[in-house]
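Inside the fold
Here are the chains, one letter per residue:
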Amino acid sequence: MCILFNLGCKLNQYEGYCLQKKLSTHHNIVIVNTCCVTAEAAQKSRKKFHRAVRLYPGHKVIATGCACTLYPEEYAQAHQVMGTIERNRFIAGIYPEQPRSRYFLKIQDGCTEPCTYCIVSVIRHQLSSTPVARIKDEIAWARAHDFREIVLVGANIGLYGAENGNSLAGLLFELQKIHELPRIRLSSIEPRFISDDVLAAMQSLPMCRHFHVPVQSGDDKVLARMGRTYTNHDLRERINALARVFPDAAIGVDVIVGFPDEDDICFSDTKNLMNDLPITHAHVFPYSPRPGTAAFEYGDPVSYGEKKRRLWELKRLVAEKNLRFRQNLVGHDVEVIVVQSTPVCIGLTDNYVRIELDRSFAKGT
């Protein structure tokens, strides 16, 4: 039996499932697939690893993923430490078994964006895109195994094809040629890649009206200091364009509060942006300095208490917007896929609303 502890983003989870399948014929193996996108994620990964070592003393423990790539010395107790590059070579050609009704499909890896706070481009800096033919084959495989939704995942899917002259819009136009295509969801897309070409391509697909956009801040000064390549105006224009093309879309964002030099005026710019735009979900993070990033040199001048205050202020704002969003859907007919069968049956709409289902109607949804 091969036991998997899967942490982190959808891309990392996909790779973890691939590794589990690759080793499925081996016995007494434990895989701890780690994450380090935030300091909290790195700490959680360390705890999960040490717990696995304690719980399975007779097993071979393999540490893999981003945290052990960045901090291999912290996983010295592992029987094997497998970095992301080594792992990707090892799992090449694998279609993973995934314990869900939605299939995570890796289309891209690597990020070369100049974000000063982010460790991802340090770990996953080499761009690679899955060939279109392979993506089509994997979609056919997933459909044959009764997956009703395909989630396109990557380190930065907007960079799909950047290393070979292709593009995300080009891939999406190619997917239109697939007969009986399951519904398609994007895991996350950076603001500058919400281009008119991408919007046009998505309109001709069975696209889920749910988009996750890492905006990080709504203040131009902070965005520039973060190394983000857009402005408050750009964010407003692109997200409003997305909402016009996909009415009733759920639009989620990532936001960092307490970035160095974010004062009250900067924070107000972010709050006003989130209030004005049709945002329905938000992941709000307090800034934490990461060694190895350019922003680490900026220090950490905003107090923890102030970060928490700003975090909860934004969370309350978005909670109210989310409630209004869901209330406006009352009375609408929706198509769902079942994502949970016990202890209650839960369906997920294309615009990311979880609905409790009567079991008598769950079959065949």
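See above for the structure.
Throughout what follows, the structure given in this document is the object of discussion. Here the structure is a predicted model, which means the values were calculated and not measured.

1. Re the overall build of the chain
Tallying secondary structure elements over the chain gives 13 helices and 15 strands in all. Expected size for 365 residues packed as a compact globule is a radius of gyration near 21 Å; at 21 Å, the chain falls within 12% of this value. Reported as C-alpha extents along the three principal axes, the dimensions of the chain are approximately 55 × 50 × 45 Å. Split into buried and exposed, the 365 residues of the chain put 51% on the buried side. Look at the contacts in the chain between residues 6 or more apart in sequence, and 72% of them connect residues 24 or more apart. When the accessible surface of the chain is totalled, it reaches about 16700 Å², and 52% of it is carbon and sulfur.

2. Digging into the sheet that holds strand S3 (residues 60-65)
Read from one edge to the other, the open sheet built from four strands follows the order S1-S2-S3-S4, with strand pairing classed as parallel. The sheet is open, and its two borders are formed by strand S1 (2-6) and strand S4 (80-82), each paired with just one other strand. Across the sheet, the mean angle from the axis of one strand to that of its neighbour is 20°, orientation sign disregarded. In terms of strand pairing, S1 meets strand S2 (residues 29-34) through five bridges, oriented parallel. Of the residues in S2, the one forming a bridge with Cys2 is Ile29. Against the sheet, helix H1 (residues 10-22) makes contact with S1, S2, S3 and S4, and its axis sits at roughly 175° relative to S1, the strand it touches most. Against the sheet, helix H2 (residues 39-55) makes contact with S1, S2 and S3, and its axis sits at roughly 170° relative to S2, the strand it touches most.

3. Looking at the sheet that holds strand S5 (residues 102-106)
A sheet is described by the order of its strands in space; here three strands give the open sequence S5-S8-S9, paired in parallel fashion. With partners counted over all chains shown, the strands left at the sheet margins are S5 and strand S9 (183-186), one partner each. The sheet shows a mean angle of 30° between the axes of neighbouring strands, taken without regard to direction. Two strands pair when backbone bridges link them, and S5 and strand S8 (residues 149-153) are joined in this way by five bridges, in the parallel orientation. In the sheet register, Arg102 faces S8, and the bridge partner there is Glu149. Against the sheet, H1 engages S5 and S8, with an angle of about 95° to S5.

4. Here we look at the environment of Leu127
On the secondary structure map, Leu127 appears in the loop between helix H5 (120-123) and strand S7 (128-129). If sequence neighbours within four positions are ignored, Leu127 has contacts with Gln108, Asp109, Gly110, Cys111, Thr112, Leu159, Ala162 and Glu163.

5. Overview of the packing of helix H7 (residues 168-175) against helix H8 (residues 196-203)
At their nearest, the axes of H7 and H8 sit 9 Å apart, and the two run at 15° to each other. Classified by the angle their axes make, H7 and H8 are roughly parallel. Regarding H7 and H8, the two cross each other, and that crossing is left-handed. Touching Leu168, Ala169, Leu172 and Phe173 of H7 are Asp197, Val198, Ala200, Ala201 and Met202, all from H8.

Calculation notes
- Residues numbered from 1 in each chain as written.
- Predicted model: local features only at pLDDT ≥ 70, side-chain atom pairs only at ≥ 80, totals over all residues.
- Heavy atoms only, no water.
- Helix = DSSP H or I, 4+ residues; strand = E, 2+ residues; numbered from the N terminus.
- Rg over C-alpha atoms; globule rule 2.2 N^0.38 Å.
- Buried < 20%, exposed > 50% of the residue type's maximum accessible area, 1.4 Å probe, protein only.
- Contact = heavy atoms within 4.5 Å.
- Areas by Shrake-Rupley, 256 points an atom, 1.4 Å probe, with all protein chains shown as cover.
- Pairing = 2+ DSSP bridges.
- Axes fitted to C-alpha atoms, helices over the stretch in contact; angles between N-to-C directions.
- Parallel < 35°, antiparallel > 145°, perpendicular 65-115°, else oblique.
- Left-handed = near helix turned anticlockwise from the far one by under 90°.

Bear in mind that shape data such as this cannot, by itself, settle questions of function.
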